[in-house]
Amino acid sequence: MGAMSRTHWLELCVALHGLVESHRPTAIVTGMSSVPSHPIPPRLRVTRSQRTIMGGGWETLGLALVVSLVPQALPAASASRGWDGGGFQCGTSNVTCPPWSFGCIPAKLGLKWMCNVSSTWEGHPYTACYPGAPHPPSPTKKNVLMIGDSVSNGYFLEGTPGQNVPDLIADVAQAQHAPWSPGSGGAGPTQHGVDCLDLYLELTTNAPAQWDVITFNFGLHNLANDTADLDMYTAQLTNITTRLLATKAKLVYILTTPMMPNCCEGGPLLPSGEGAPRPNCARNDTVNFYKCNDVVQELNTRAKAIMEPHNIPTVDVYATVTGICGPSYVNCTICRMTPCSFHYTPVGYDNISIPIAASIRKALA
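Let us look at the structure shown here. (Residues numbered from 1 in each chain as written. Predicted model: local features only at pLDDT ≥ 70, side-chain atom pairs only at ≥ 80, totals over all residues. Heavy atoms only, no water.)

Time to look at the pairing of strand 7 (residues 126-129). Alternating positions in strand 7 separate cleanly, Thr127 and Cys129 being buried on one face and Tyr126 and Ala128 remaining unburied on the opposite face. Across four bridges, strand 6 (residues 113-118) lies against strand 7 in antiparallel orientation. Across the sheet, residue Val117 finds its bridge partner in strand 7, namely Thr127. (Buried < 20%, exposed > 50% of the residue type's maximum accessible area, 1.4 Å probe, protein only. Helix = DSSP H or I, 4+ residues; strand = E, 2+ residues; numbered from the N terminus. Pairing = 2+ DSSP bridges.)

Set out below in structure tokens:
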């Protein structure tokens, strides 16, 4: 490569950096073993081996071919893709995907639409993200955003009317959930959290929002028990926490609730009514199983270690559940299914909501 072509390559990288950064909020891409602290545009996909050498920042781009450009063509979808400077409106809904995304795609659960964004997961060019909160922030009360999975959806809206977290703090705050996707797995694994966090912090309409308190949890979708996956969980949750700290909201981390069924490669063995995918093993396999709950406890230990240096309080809803059901159980009165899996009855969610609401009130004081 001659001197002139190196110059052109550097100029191209600088131009790409300026163009993308002027059209999107900051997003930090996590690696497999390290978490760079500088923003990387969503149109640039980094492979597993390349992510570890991105710590030098944008100067690295001009020194070697360490980044591969992802084609910017939108995937097929039936949504309208009118460009008005504000993003992609999904059909006739109020869901608007941001201009830095790849547009709208139909959703299988919950809302009708999701937004396609660049994925940081090697071999997966896109991640489908549910949008953020549906309502404008309250002008008269504090505003709380709750980020989490289907259990988070549960204590947000599936408890006894009047006993959900939003009801328990309604006198002082308006609480909303992100992603806004009732009936779905919510925020899913930490990988989705890394890729989708910018959408979760905005409204469904892609309008910006300022939050006074943000609660968040990731865990039940990260149940692989090998060291590499546990280390990835740590790196990705660190990434998410760092970006949430940058919002200046007060943060509260919700520990992951128990998962007593056995796991094997592909996930937990759950009752069919839970709708979870079948793991890659037979139910009568007595060799390859491991205890899902051992992973949950390890994830909670790692999460507390991430939160402690930042003085982020943690809410021990794991202890709330085991305080009712016992340290190890198969059936319990607050479980939605028999045998227990990971969802709860309305009364179960009522019990989980109490310490979360109390922690939010303390953060707002």
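On to helix 7 (residues 292-307), then. Compared with an ideal rise of 1.5 Å per residue, which puts 16 residues at 22 Å, helix 7 spans 23 Å between its outermost C-alpha atoms and is within 8% of the ideal. Within the span of helix 7, buried status applies to Cys292, Asn293, Val295, Val296, Leu299, Asn300, Arg302, Ala303, Ile306 and Met307. (Expected span 1.5 Å × (residues − 1).)

When charged atoms on two side chains of opposite charge get close, those side chains can pair. Summed over all chains, the structure comprises four salt bridges. One salt bridge connects Asp171 with Arg361, and the closest N-O pair in it is separated by 2.5 Å. You can see Asp171 sitting in the loop between helix 4 (165-168) and strand 9 (173-178) and its partner Arg361 sitting in helix 9 (residues 346-364), a full 190 residues away along the chain. Accessibility expressed as a relative area gives 54% for Asp171, which makes it exposed. Residue Arg361 is classed as partly exposed on the basis of its relative accessible area, which comes to 34%. The closest approach of N and O atoms between Asp231 and Arg302, which form a salt bridge, is 3.1 Å. Of the two residues, Asp231 is situated in helix 6 (residues 227-245) and Arg302 in helix 7; the sequence distance between them amounts to 71 residues. Assessed through its relative accessible area of 19%, Arg302 is described here as buried. Salt bridges sharing common partners tie together Asp231, Glu298 and Arg302. (Salt bridge = Lys/Arg side-chain N within 4 Å of Asp/Glu carboxyl O.)

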